[in-house]
Amino acid sequence: MDHNTLRQHYSDEMRANDREILKMGAFVEEAVRKSMQCMLDQDIDLADKVIRDDEVINNLELRIQDTLTLLIATEQPVAGDLRHVITSLKIVTQLERMGDHAVHIAKAAKKLAEQHYIKDLIDLPKMAEYGIEMLHEVLTAFAENDQDKAIAVAKIDDRIDSLHNQIWRELLTYMMSDVKNIDQATTLLFVSRWLERFGDHATNISEWVVYDCTGKHIELNM
Amino acid sequence: MERYNAMNISNETTDQEKKIKITVRDLDLFYGDFQALHKLNIDIADQEVTALIGPSGCGKSTFIRTLNRMNDVIDGVHITGTISYETRDIYKNYDPIELRKKIGMVFQKPNPFPMSVYDNVAYGPRIHGIKDKRTLDEIVERSLKQAAIWDEIKDRLHKPALGISGGQQQRLCIARVLAVEPDVVLMDEPTSALDPISTSRIEDLIDELKKSYTIVIVTHNMQQAGRISDTTAFFLNGVIEEVGATEQIFFSPTNPKTEAYITGKFG
Amino acid sequence: MSPLSQTKKAHLQEGIAKGIIWFFVVLTIVILAWIILYVLYRGFVSINHLHYQVTDTIETAAAGPDHPAYPISMIIQRKVRLKDDLTSAELFEMYTKRRQPNWGDITGQNLDVELFALTTESEEGTAGAEIILANRENYSKHVTLEKDGEAMIKAVSSTPGGIGFIPSAMVETLPRSVKAVPIRRIAAPVNASVKKIVENVQIQTIDNDDLLAIFTGKVKNWQEVGGIDLPIRPVAYSQNAGIRGDILNLVLGENNEPAEQGILYVDTPEVFFETIDSLPGAIGMTYWEDVKDIDDRPMITFDRLEVRQNLDWHYLVEAPARSGKWGGISTIIINTFFLILFTLLFSTPIGVLGAIYMVEYAKQGRVIRILRLGTETLAGIPSIVFGLFGFIFFVGMLGLGIGFISATLTVTMMILPTIIRTSEEALKSVPLSFREGSLALGATKLQTIAKVVVPAATPGILTGIILAVGRTVGETAVLIYTLGSNYELVRGPSSSARVLSLHLYNLFSEAISFDRSFATGAILIFIILLVNYSTTSLIGRLNKKAGK
């Protein structure tokens, strides 16, 4: 948009809100990173912290939502402005869910904290890394209104999905070889599942970024 | 990978169902040497409201006045290009008096004549030769009912028209236009001089009228255009930058200048 | 300056400005009101100082039918609007003049005096002849003789303008068609010394109070009543002088006593006149008809203040006579009305249509600007220039002569620029939105002008017409040269016809009648008020209909 001369108030409000969304995204990133750290270090205190900090993420979602609602009521945005507002609303919903997944992982870490891992955790951290990368990239795409970047981000989800399948097959063999492994294996399976869902949410965000740019709904989740 | 694209409105699919009343092709308008309108192309469809939006002084009012040849009264105005109404070129093949019977106009500032309400509405039919009192009574009642003002005014038909409120005066002017039974009603910023409640009343009226007439409305209030129009044309510096379905213009305009204007980034 | 005193200063300035404005407004209103009220006052009330050779004392029939001094009473026909009384001098004039006299000089009516007298066969007829003719002349040939009182009454009552006399005894039984009229006949001859001029002082007039003061002894020197320094020697008939002996009592009335000293009493007219002639400072009272050599003898003139109604209904409905000295001004009002009517008839269509052309149709270029400049200039040219032009062009070159048509055409030309200008302004002030609204409904330009623009501009146009009418009615300079001064009803295009403004000019400049000038002026003011009021209320009604 070239002629950004008028409606300064509206532009400022929108930009402030975008920053809040990025901040929320950073909290979610941090939550996932920490939760994976808990798993690796089997650190109960850290896990509790992650669980407590989720409240910040939830409040932020509600605050951002209210701000956007008031913006609609008072500024009657249209066209690109309107799509951006709708997209923002959808994104914070996805981010909140992603934050919840981090909490689930932290709780699983607490449960496994006293146990000895049946196998080294190599793929799970990798999934988490990919997830964090996706989130980071897609929020950048959102801030920059870059639909190509958003579509590229969605591709990373493929890697997460294949890793998930791999972990699943592996854990199945562990469960079939020894009945005592089933408890831990299922928990680890759940963690993998949550990380896979994490990637799906990031892909949803990509779809909304494309909608923000073009007004079209596209399907990126395969 | 597209699914569900109801928002992706294509103008072609619905064009076939629309009946086009007025076609404008390559219209240029000059005030002496100054060119005010540049190569305008637009179709005005029947049973629709077409809104013309754009910043002040960009040609919307000038354009709408070409449709009923009101620009003829200004010295030094000439046009090139064609405007066709029901396939006849209105500048070459139409008598302006006859044309204005078919294409009526409501102005920005309500302008009832300094006579009674009845005489105002009966003015049009009278100058076109209708003298019979009963016929005139019927026409007056019908027009005032169509303009949604009959109940408020039926007890003061013979009192001066200038004694009623601004909003009522504007509806009276609409009734006055409807009394000559036009085809097309042009409105040049009809509510900009009125309060919000009168404005809403007239917007509801326009919504009702579009079922039987073709309506072209100039407005500088974008929310109004969004509320009441079916097709919107964006004017900038005497050029139509974009014209399309209102929903599309307000959801996802193709021209960045249109986007900048309707989001209020410039005016 | 602190903010508070700044405010105070501003308020003070405003107060002073308001005060000054109010002062001038009040001053203007007072001046205007004074002018109008004064003219109206003088138009309605005539106040005049009149001079007579007789005193104010009235001898009426109430003196009694047995009174030997007054055996007859004068009667006049009801149509004669005589309010007060007649003097012996006036009676003498009427009954002996060679030409038929007219009531105009006395009552203002254009009515011939029809004279009647009793034949000298009867006592009363002889007495009447003595009193009226003063033994100096005979009745003129216009006097009709009647043989007795009844015949006289019948004759006078049935002849408009009739005057006659009857035995006093019959006064009680007069029918309604005749009226008894009192006479004043006491005159005051003086010694020649009284009227001498000494150091530019000469006695002019005295009034009735002075006379009373002289004969009651309160005033003793002529200087005290406006004369030279000369002692007053009052002379009067004594009680032995027969009928003349009552004169002193009549003049003094019931409330005054004659001076104890100083009055010289005489018994006969011969001694009376001898005394007057020989005694310096002498003044005596006797009947007017006694003064045989009245043309040679010095008489003292009496000053009398007469207050009468000036403008009345009769003035409006009677036709003028003697160049306006007698009669009324009915024909002149009608002439004025015709002038206004025809002037408007010519000028309104041309003016309004011209204005319509200039505003609605003409191309607004150089030509129109020049035309407008010309119109505005013409509107300001002094009317006397138009008068000159009208005289030379219409009266002379076109040979229309002095008359109604020349005047109408000239006045038309004079007011045309005003009508065009005000009509133009009225048309211009009709908002463009009305015109656009009409055109947008499919009206032609002509329909728009006729049905919307002109009706909306009508109040303004009418205002211009009021101005024009006002100018027409007040116009004198133009009409002097083109209309002439025939005061009869206008008969045709070439007849001369006097109008109100010219009439006023004539009355005043030829000193015909000061009072009538004011009466005419008052009528003019009324006409203007009437025209303005009716047009203003018409405009008000038009505005109400339009909803303004």
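What you see is a predicted model, and the numbers here were worked out from it, not measured in a lab. (Residues numbered from 1 in each chain as written. Chains lettered and ligands numbered in written order. Predicted model: local features only at pLDDT ≥ 70, side-chain atom pairs only at ≥ 80, totals over all residues.)

So, the sheet that holds strand E5 (residues 88-89) of chain B
Hydrogen bonds between backbone atoms are what pair the strands of a sheet, whose relative direction is either parallel or antiparallel.
All names here are of chain B.
Okay, step 1: Here four strands make up an open sheet; going across it, the order is E2-E1-E4-E5 and the pairing antiparallel. Since the sheet does not close on itself, it has two edges, and those belong to strand E2 (34-45) and E5, each with one partner.
Okay, step 2: With eight bridges joining them, strand E1 (residues 20-31) and E2 adopt antiparallel strand pairing. In the strand pairing of E2, Phe30 is matched with Gln35. (Pairing = 2+ DSSP bridges. Helix = DSSP H or I, 4+ residues; strand = E, 2+ residues; numbered from the N terminus.)

Quick notes on the interface of chain C and chain B
Okay, step 1: Taken together, the contacts link 18 residues of chain C with 25 residues of chain B.
Okay, step 2: Counting residues per element, the ones that place at least two in the side of chain C that touches chain B are helix H14 (432-440), helix H15 (445-474) and helix H18 (514-546) of chain C.
Okay, step 3: Here the side of chain C that touches chain B is composed, by residue class, of eight nonpolar, six polar and four charged. (Contact = placed C-beta atoms within 7 Å. Nonpolar A, V, L, I, M, F, W, Y, C, P; charged D, E, K, R; others polar.)

Re the packing of helix H17 (residues 500-509) of chain C against H18(C)
Residues and elements named next belong to chain C.
Okay, step 1: Closest axis-to-axis distance for the H17/H18 pair is 9 Å, and the angle between their directions is 160 degrees. Considered as vectors, H17 and H18 are oriented roughly antiparallel to each other. Relative to H18, H17 is oriented so that their crossing is left-handed. Residues Leu500, Ser501, His503, Leu504, Leu507 and Phe508 of H17 touch H18, and the partners they reach there are Arg516, Ser517, Thr520, Gly521, Ile523 and Leu524.
Okay, step 2: Split into classes, the residues belonging to the contact of H17 with H18 amount to six nonpolar, five polar and one charged. (Axes fitted to C-alpha atoms, helices over the stretch in contact; angles between N-to-C directions. Parallel < 35°, antiparallel > 145°, perpendicular 65-115°, else oblique. Left-handed = near helix turned anticlockwise from the far one by under 90°.)

Regarding the confidence of the model for chain C
Where the model shows low pLDDT, its predicted coordinates should not be examined in detail.
All names here are of chain C.
Okay, step 1: Put simply, chain C has an average pLDDT of 85, and 97% of its residues get 70 or more.
Okay, step 2: Segment residues 61-65: pLDDT under 50, and eight contacts once partners within four positions in sequence are set aside and those in other chains are kept.
Okay, step 3: Reported confidence for the predicted complex is 0.91 by ipTM and 0.76 by pTM. (pLDDT = per-residue confidence, 0-100.)

Considering helix H11 (residues 366-380) of chain C
Given 3.6 residues per helical turn, the α-helix brings residues three or four places apart onto the same face.
Okay, step 1: Over its 15 residues, H11(C) extends 22 Å from the first C-alpha to the last, a length consistent with the 21 Å expected when each residue adds 1.5 Å.
Okay, step 2: Here H11(C) lies mainly on the outside; one of its 15 residues are buried. (Expected span 1.5 Å × (residues − 1). Buried ≥ 20, exposed ≤ 12 C-beta atoms within 10 Å, placed from the backbone.)

What to know about the domain arrangement of chain C
Okay, step 1: Looking at chain C, the domain boundaries give domain 1 (3-46), domain 2 (56-184), domain 3 (187-309) and domain 4 (315-546).
Okay, step 2: When each unit is reduced to the centre of its C-alpha atoms, the spacing between domain 1 of chain C and domain 3 of chain C is 54 Å. (Domains from an automatic or database assignment.)

Digging into helix H1 (residues 3-44) of chain C
Okay, step 1: The terminal C-alpha atoms of H1(C), which comprises 42 residues, lie 60 Å apart, in line with the 62 Å expected from a rise of 1.5 Å per residue.
Okay, step 2: Among the 42 residues in H1(C), one count as buried, and that is only a small part of the element.

Considering the sheet that holds strand E7 (residues 184-188) of chain B
Residue and element names in this part refer to chain B.
Okay, step 1: Strand order in the open sheet formed by six strands is E6-E7-E8-E3-E9-E10, and the pairing between neighbours is mixed. Across the chains shown, the open sheet's two edge strands, defined by having one partner strand only, are strand E6 (103-106) and strand E10 (239-245). Sheet twist, expressed as the average angle between the axes of neighbouring strands with direction ignored, equals 15 degrees.
Okay, step 2: Sheet topology note: the E6/E7 ladder contains four bridges and is parallel. Note that in E7 the partner of Gly104 across the bridge is Val185.

Brief notes about the nonpolar core
Okay, step 1: One finds Leu52(B), Ala175(B), Val177(B), Val185(B), Leu186(B), Ile215(B) and Val216(B) to be the most contacted residues of the largest nonpolar core, which totals 129 residues.
Okay, step 2: Setting aside its immediate chain neighbours within four residues, Ala175(B) contacts Val121(B), Ser143(B), Leu144(B), Gln146(B), Ala147(B) and Ile149(B). (Core = buried A, V, L, I, M, F, W, Y, C linked by C-beta atoms within 7 Å.)

Quick notes on the environment of Val153(A)
Residue and element names in this part refer to chain A.
Okay, step 1: Looking at the secondary structure, you find Val153 in helix H5 (residues 147-177).
Okay, step 2: Val153 sits in the buried class, given 26 other C-beta atoms within 10 Å.
Okay, step 3: The sequence separation of Val153 and Ile205 amounts to 52 residues, and the corresponding C-alpha distance is 9.8 Å.
Okay, step 4: Ignoring any residue separated from it by four or fewer positions in sequence, one finds Val153 in contact with Met134, Glu137, Val138, Ala141, Ala202 and Ser206.

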